[in-house]
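Architecture at a glance
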Amino acid sequence: MSNEAYSATIRLTTAQATIRFLTNQYSERDGVEQRLIAGAFGIFGHGNVAGIGQALLQNEIDRDEGEGAMPYIMPRNEQGQVHAAVAYARTKNRLQTMMCTASIGPGSLNMVTGAALATTNRIPVLLFPSDQFANRIPDPVLQQLEDPTTLDVTVNDCFRPVSRFFDRINRPEQLIPSLLNAMRVLTDPAETGAVTVAMPQDVQAEAFDWPVEFFRKRVWHVRRPVPEPVALDRAVALIRAAKRPLVISGGGTIYSEASQELRELATNTGIPVADTQAGKGAISFENPASVGGVGSTGCDAANHLADKADLIIGIGTRYSDFTTASKTQFKNPDVKFVNVNVRSFDAAKESAEMVVADARETLLALIDRLADYHVDDAYTDEIHAERKAWFEVTQRCYHLDHQPLPAQTEVFGALNELMGPEDIVINAAGSMPGDLQALWQAKTPTQYHVEYAFSTMGYEIPAAMGVKLARPESEVVSIVGDGTYQMLPAELATVTQEHIKVIYVLLDNYGYSSIGSLSESHGSQRFGTKYRERGEGSHLDDTEHVVGVDIAANARSWGIEVLEVHTIEEFRAAYEQAHASDRATMIHIETDLYGPNPPGSSWWDVVVSETSRLESTQQARVQYEQDRRPQRHYL
């Protein structure tokens, strides 16, 4: 490259330079290139309407030479747009994502929850919160938070603990190293998460002579680190010495696109495979080695095997407290761990033998090194017996004929039977993720999309939009509770405006089923978990009538077609109608607030008050002390 080429410049605003740069960034893995930032979500206010907003407009109507398209979608809520971007990136196995922009103050702070969700789930998303004036002349500007001890803190500093990379652009030329580092983090399989670049509104609109070279096409190669030979030797030795090994497959298996290799290892060795919420579907439920969800919301088959396992092989899992049942799940006193993870932080958990490497590369190596290994016949027979017993439980939960209102497990059963292997079911919070992890029979790594790292109420509606944008060929079905719906319904308007065909299944039980059950089991009598009108006294009276929102009417007001049903037979017919339609549709059905839910075989640590005047709380504390006895560090 000549010096003249390096010295060539183009005059653009900081915001215009940002968009031009992003349209030329690509990710690559296994020889496949794709645009890294596929599009933009943005809600505009005085902080960004004349900056990034103007740049997106200019991109849309008058693309300069060398600048590709940055498709723009106008959402309704800043948190919702981040959820949609995260869902998009997850569906793309973290190889593509979206950018999100918001105005200063409350607009930007609304994105903090989405940023935390992204980072907790290890999913890349690019955020541009607008910031106060860098020149500090309009001070305090509207929506600015003043700190009398310093002038360099803004509300956007809230993003620091929930972002994997944070920067603030106070001069245009700072954008160059900032965006290059942002791309580095977005494409790093170990360090990815929310990337936040705060943009003062005056700097967004400030012009600068940018090096043309800054805008050249860049390809960011997503690495697949191979296992160190000595680390692999140690892992293989532990596996060969184990009598009752169990694989726990997490989201890293799916993001690495290692499902085929996992199936081959399980088939060849007979080692059973349990899954986390993020890892479900990496191995088909039909595989004889698949034993289902493990941990607090897991199933009997996986949990019974986990209780007695002498070796846990964690692949791409971060070992949440639900996976470990708050450190009570793996009861064998001699249990050991081998952890395969691209991130050493996760590989080191549970005092494991660490294999810091890509899941697919490690599985390929294990397949080769364990070619002559197979678990013994007695263990194989036990695995088959556990699978058979749980399949029978699943079928009962799916076909209860519960009266007078159906149980939500019956709705899940109908969906599980109606949806194709490449269709996608979405959920996030409440009692439903627990039922789904225990019962859902996933055939492919595509089919199951449950966000249970941050477990964010309100994720499901915008997530459906993001998933459908990422995978338009799939039928996308988002299961939404009435509590979640009331948190964040506004992206229904965006779905309608953009003609995005998704199916929402609204389960209406007039309360918080999950927390109600948890409250009752912990001695707090379902307080504050049911929608009840206040009685004549000062207390919420259970005897008063239910206060319900007419969600069906509300959804129609956003432009969604709504089908109201009352029985599972009607639900099945409505699903077929929604499936045949080209419009976004909601199927509304009332379900029983009290379940029944699948039988539980594990525990979750939620502390009960140590002292109380309530007998229910006192009894719950006694039970809590008993339940926590198996809890221990794995050393």
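Residues numbered from 1 in each chain as written. Predicted model: local features only at pLDDT ≥ 70, side-chain atom pairs only at ≥ 80, totals over all residues. Heavy atoms only, no water.

**Observations regarding the sheet that holds strand β8 (residues 165–168)**
In a beta sheet, neighbouring strands pair by backbone hydrogen bonds and run either parallel or antiparallel. Reading across the sheet, the 6 strands line up as β5-β4-β6-β7-β9-β8 and stay open at both edges, with parallel pairing between neighbours. Of all the strands in the sheet, the pair left with one neighbour each is β5 (72–73) and β8. Contacts from helix α4 (residues 78–91) reach β4 (37–42), β6 (97–102) and β7 (125–131), with the element oriented near 170° to β6. (Pairing = 2+ DSSP bridges. Helix = DSSP H or I, 4+ residues; strand = E, 2+ residues; numbered from the N terminus. Contact = heavy atoms within 4.5 Å. Axes fitted to C-alpha atoms, helices over the stretch in contact; angles between N-to-C directions.)

**A closer look at unusual backbone geometry**
That bond from Gln403 to Pro404 is cis: its omega, 0°, falls within 30 degrees of zero. For the peptide bond that leads from Gly595 to Pro596, omega is 0°, which places it in the cis range. As for its position among the elements, Pro596 is in the loop between β23 (585–590) and α24 (615–627). Its identity as a non-glycine residue notwithstanding, Lys327 has a phi of 65°, on the positive side. By the element assignment, Lys327 lies in the loop between β15 (311–315) and β16 (336–341). Exposure remark for Lys327: the relative accessible area of 25% places this residue in the partly exposed category. (Buried < 20%, exposed > 50% of the residue type's maximum accessible area, 1.4 Å probe, protein only.)

**What to know about the sheet that holds strand β3 (residues 32–35)**
Ordered in space as β3-β2-β11, the 3 strands form an open sheet in which the pairing is mixed. Each edge of the open sheet carries a strand with a single partner, namely β3 and β11 (218–221). This sheet shows a mean twist of 30° between the axes of neighbouring strands, independent of strand direction. Note: strand β2 (residues 25–29) against β11, 4 bridges, orientation parallel.

**Concerning the environment of Phe391**
Among the secondary structure elements, Phe391 is positioned in helix α15 (residues 377–398). Phe391 sits in the partly exposed class, given a relative accessible area of 29%. Spatially, the C-alpha atom of Phe391 lies 22 Å from that of Asn427, the residues being 36 residues apart in sequence. Ignoring any residue separated from it by four or fewer positions in sequence, one finds Phe391 in contact with Phe285 and Gln441.

**Describing helix α16 (residues 408–418)**
With 9 of its 11 residues buried, α16 lies for the most part within the structure. Along α16, the residues classified as buried are Gln408, Thr409, Glu410, Val411, Phe412, Gly413, Ala414, Leu415 and Asn416.

**A short note on the nonpolar core**
Counting 85 residues, the largest nonpolar core has Ile312, Leu415, Trp440 and Phe571 as its most contacted members. Aside from chain neighbours lying at most four places away, what touches Ile312 is Leu246, Ile248, Tyr319, Phe330, Val335, Lys336, Phe337 and Val338. (Core = buried A, V, L, I, M, F, W, Y, C linked by side-chain atoms within 4.5 Å.)

**So, the packing of α4 against helix α18 (residues 460–470)**
Each pair of packed helices gets described by two things: the angle between the helix axes and the distance between those axes. In the contact formed by α4 and α18, the axes pass within 7 Å of each other and the chain directions differ by 40°. Of the possible angle classes, the one that applies to α4 and α18 is oblique. Remark: the crossing between α4 and α18 carries right-handed chirality. For the pair α4 and α18, contact is made by Gly80, His83, Ala84, Ala87, Tyr88 and Thr91 and by Pro462, Ala463, Met465, Gly466, Val467, Leu469 and Ala470, respectively. The class makeup of the residues in the contact of α4 with α18 is 9 nonpolar, 4 polar and no charged. (Parallel < 35°, antiparallel > 145°, perpendicular 65-115°, else oblique. Left-handed = near helix turned anticlockwise from the far one by under 90°. Nonpolar A, V, L, I, M, F, W, Y, C, P; charged D, E, K, R; others polar.)

**A look at α18**
Here α18 lies mainly inside the structure; 10 of its 11 residues are buried. By the burial criterion, the buried members of α18 are Glu460, Ile461, Pro462, Ala463, Ala464, Met465, Gly466, Val467, Lys468 and Ala470.

**Re the packing of aromatic side chains**
Tallied over the full model, the rule gives 13 aromatic pairs. Both rings, one in Phe44 and one in Tyr72, keep their centres 5.5 Å apart while their planes meet at 25°; by these two values the pair is stacked. Linking Phe44 in the loop between β4 and α3 (52–61) with Tyr72 in strand β5, this pair joins segments that are 28 residues apart in sequence. Overall, Phe44 belongs to the partly exposed group, its relative accessible area being 33%. Residues Phe322 and Trp604 carry aromatic rings whose centres are separated by 4.5 Å and whose planes lie at 45° to one another, so their mutual orientation is tilted. One end of the pair, Phe322, is in the loop between β15 and β16; the other, Trp604, is in the loop between β23 and α24, with 282 residues separating them in the sequence. (Phe/Tyr/Trp six-rings, centres within 6.5 Å; stacked < 30°, edge-to-face > 60°.)

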